[in-house]
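Structural overview for review
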Amino acid sequence: MKKNLFLTDILGLYATHIQSKHPQKKAQEIIAQTETAINRYTLPGWGLEPFKGRKPTRVEIDRATAFKQGINVEQFTTALEAQEKAFELLQPSDSSKEVYRSRLKELISWSSQQSWWPGNTLPEKSVDCCGGRRRRGYGIMAKTLLTSRSALPPYGLQPEQVSEKLKAEFEHFYKFRTSAHWPGRLEDPVKTTACRNQIRLFFHLFGWFHLHRRVPLEELSLNTLIPPVELKYAASKEAAATMAAKVGDYVDRWVCEFCNFLIEERGARSPHTRKNYLCALLAVAKFQYHNEITSSDYSEVPAVKVLRGRLSLATKELKNHVPVADVDKKWLDVTEVLKLIVKPLRDECQPKLACGSPRSLKATAYSFQRYVLWGCLTYSPPRRQQELRELKMALECPVKRPVDVPPDGLYQPLPTGRNRDRNYGYLYRTPDGRWFKDVTSESYKTGKTYGHQDLEIPNVQFPDGRCFYDYLEAWLYGYYKMPDGSWRSCGTAFKPGEQEVGRLWPCRLQFEAVGEFVFVRHNGTPFAEDSMASYISNAAHALTGQRLTPHLLRDIFATHFLDNGASDSDIASLAYGMGHSPQILRASYDRRSPVQKHRPIQLAVMELVQKSLHSDSTSE
């Protein structure tokens, strides 16, 4: 850091240091008192005209700011003497003298430890300092509104309103949907997270029934949504069919009422919202009738036909649906993502702040985790965040060392019981030093179609000599703080006797992670769906002000390559890497505008026209 600093620069660096050491409210108090100690009770000792009133005017503040820009580091070393002169001139109370003298001494004490303080021989910028502040003044992400809709009061059931009877039904439904095998069920089990998400939607539906249809809490049940009818062994097939038809009419009526409620009272016009509710209701219908059917497609159940018809309509609406959210407040190009988000997050992976103050171990560990997450999402085609959220690593090694692992090599194997835990992806490292994600067909959304995948994590090389694996292995195992201030991951090979090994700093281990999950929250527990999405999005918003989500990254990548003329083989490879087909990529992830889609053929036509004109002029 340069030594030709002025007082305004020093105060800015000190504010950054205070904000990193204290909670927001306490930090604001210290910074405000320090500013007062300088502006009101020190600058007059150097010749600035004192503030006249209790609260300075805008003119007085501007004058003080300009004055501070002329106070260099050498003059600032005399600040305590200048403050005593100001005290003699202004005659403040003893308590005020004590507070503001203390704040100035704290500022000078911190400044005297910095490399730019006169007489210090420390290097200008330590190699273990961050590149700068991550937060760039964009405020809290939740205040960057994506729609003009006002917040509405919740209408869903609260947990304490759920009866014991309904809780038992939820548990029965959950087992029906997620158990490996279930009598009468004709479909494969779903992932536990998908089933929990559907149960959360039931809370909204039952809340609507209670508030708008006046159904008492104790009467709410899955029968309220889809009443069951005995079909398979009914004494009168005709009567049973009639009753089932009435149930279908009942379901159609209340579903239409609920959809109108979403649109008119909640402002939820997106077909996506309706599709989610309809899919959940379809699951309930299959649960209610799984012992009553004779055909695998539930064709004899009118309620299922009704829900499938409504689902088909919602799907058709999606083709022409314009998102309600303001995409401009979320969107960045791939190159902007890499430059404005991923690079600064890598620069942040240091044990000290830009001002030279040490960071806490947890803050440093969080930086490594944030960057590794973003690296996994952007250094290869972005997968669904669920795969990273549920990614695991083995915490055991084979008793016998594999023969192909070098004597000084790092080995991260797959678990010995891999086939017993196929609902999760696993991270592993091969003996030759490459990292992979082992993704089973059961562990990701489209696994039934695309099967088991081994996805190599690219080892991006950086100009400073580091690589992405350095950061990944530092997050997993920790890193050594070397005597020169640099760090080396625990995955790096050392030469005993030739290299001095510094102190070991933990990263993931710092959080006392529960279980095998690679990415964890501050208390060591795995991320929930919403918490990981917010964790990733908050980093993007802090750096750019954009509310970029992990799922939107998939749209961004697809749009970028489609708009830049990627070949069919490249698009097919991108789709495979993202876990779906080229057709789905073009239909669901292409966010190009009509102008962008029309541009390539328009350019081709214009080129053809120009060639024709050129040939005509030549023949003449």
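In what follows, the structure referred to is the one given above.
Below is a short write-up of the structure. It should be emphasised that the depicted structure is a prediction, and the values quoted were computed from it without experimental measurement.

**As for a nonpolar patch on the surface**
Together, Ile601, Val605, Val609 and Leu613 make up an exposed nonpolar region whose accessible area comes to about 330 Å². Secondary-structure assignment places leucine 613 in helix α22 (residues 594–619).

**Some thoughts on the sheet that holds strand β7 (residues 503–505)**
Ordered in space as β6-β5-β7, the three strands form an open sheet in which the pairing is antiparallel. In this open sheet, the two strands that pair with only one neighbour each are β6 (487–489) and β7. Taking each pair of neighbouring strands and ignoring which way they run, the sheet shows an average axis angle of 30°. One ladder, built from three bridges, connects strand β5 (residues 479–481) with β7; its direction is antiparallel.

**Considering empty space enclosed by the protein**
Empty space among the atoms can be located by rolling a probe the size of a water molecule over them. Per the counting criterion, the structure on display carries five cavities of 30 Å³ or more. Approximately 50 Å³ is the volume attributed to the largest cavity. Together, Leu205, Trp254, Val255, Phe258, Cys259, Leu262, Arg274, Tyr277, Leu278 and Leu281 line the largest cavity. Of all the secondary structure elements, the ones that give two or more residues to the lining of the largest cavity are α10 (237–264) and α11 (271–289). The dominant element in the lining of the largest cavity, judged by the number of residues it contributes, is α10, at five residues.

**A look at the side chain of threonine 430**
Tracing the backbone through its elements, the reader meets threonine 430 in the loop between β2 (426–429) and β3 (435–439). Judged by relative accessible area, threonine 430 falls into the buried class, the value being 13%. If we ignore the near neighbours within four places in the chain, the residues touching threonine 430 are Leu410 and Phe436.

Procedures and definitions
Residues numbered from 1 in each chain as written. Predicted model: local features only at pLDDT ≥ 70, side-chain atom pairs only at ≥ 80, totals over all residues. Heavy atoms only, no water. Patch = residues over 30% accessible without salt bridge, like charges linked within 9 Å, V, L, I, M, F, W, Y side chains within 5 Å. Areas by Shrake-Rupley, 256 points an atom, 1.4 Å probe, with all protein chains shown as cover. Salt bridge = Lys/Arg side-chain N within 4 Å of Asp/Glu carboxyl O. Helix = DSSP H or I, 4+ residues; strand = E, 2+ residues; numbered from the N terminus. Pairing = 2+ DSSP bridges. Axes fitted to C-alpha atoms, helices over the stretch in contact; angles between N-to-C directions. 1 Å grid on protein atoms, 1.4 Å probe; cavity = no way out; pocket = protein on both sides within 12 Å on 5 of 7 lines; lining within 4 Å. Points joined across faces, edges and corners; volume = space filled by probe spheres on them. Buried < 20%, exposed > 50% of the residue type's maximum accessible area, 1.4 Å probe, protein only. Contact = heavy atoms within 4.5 Å.

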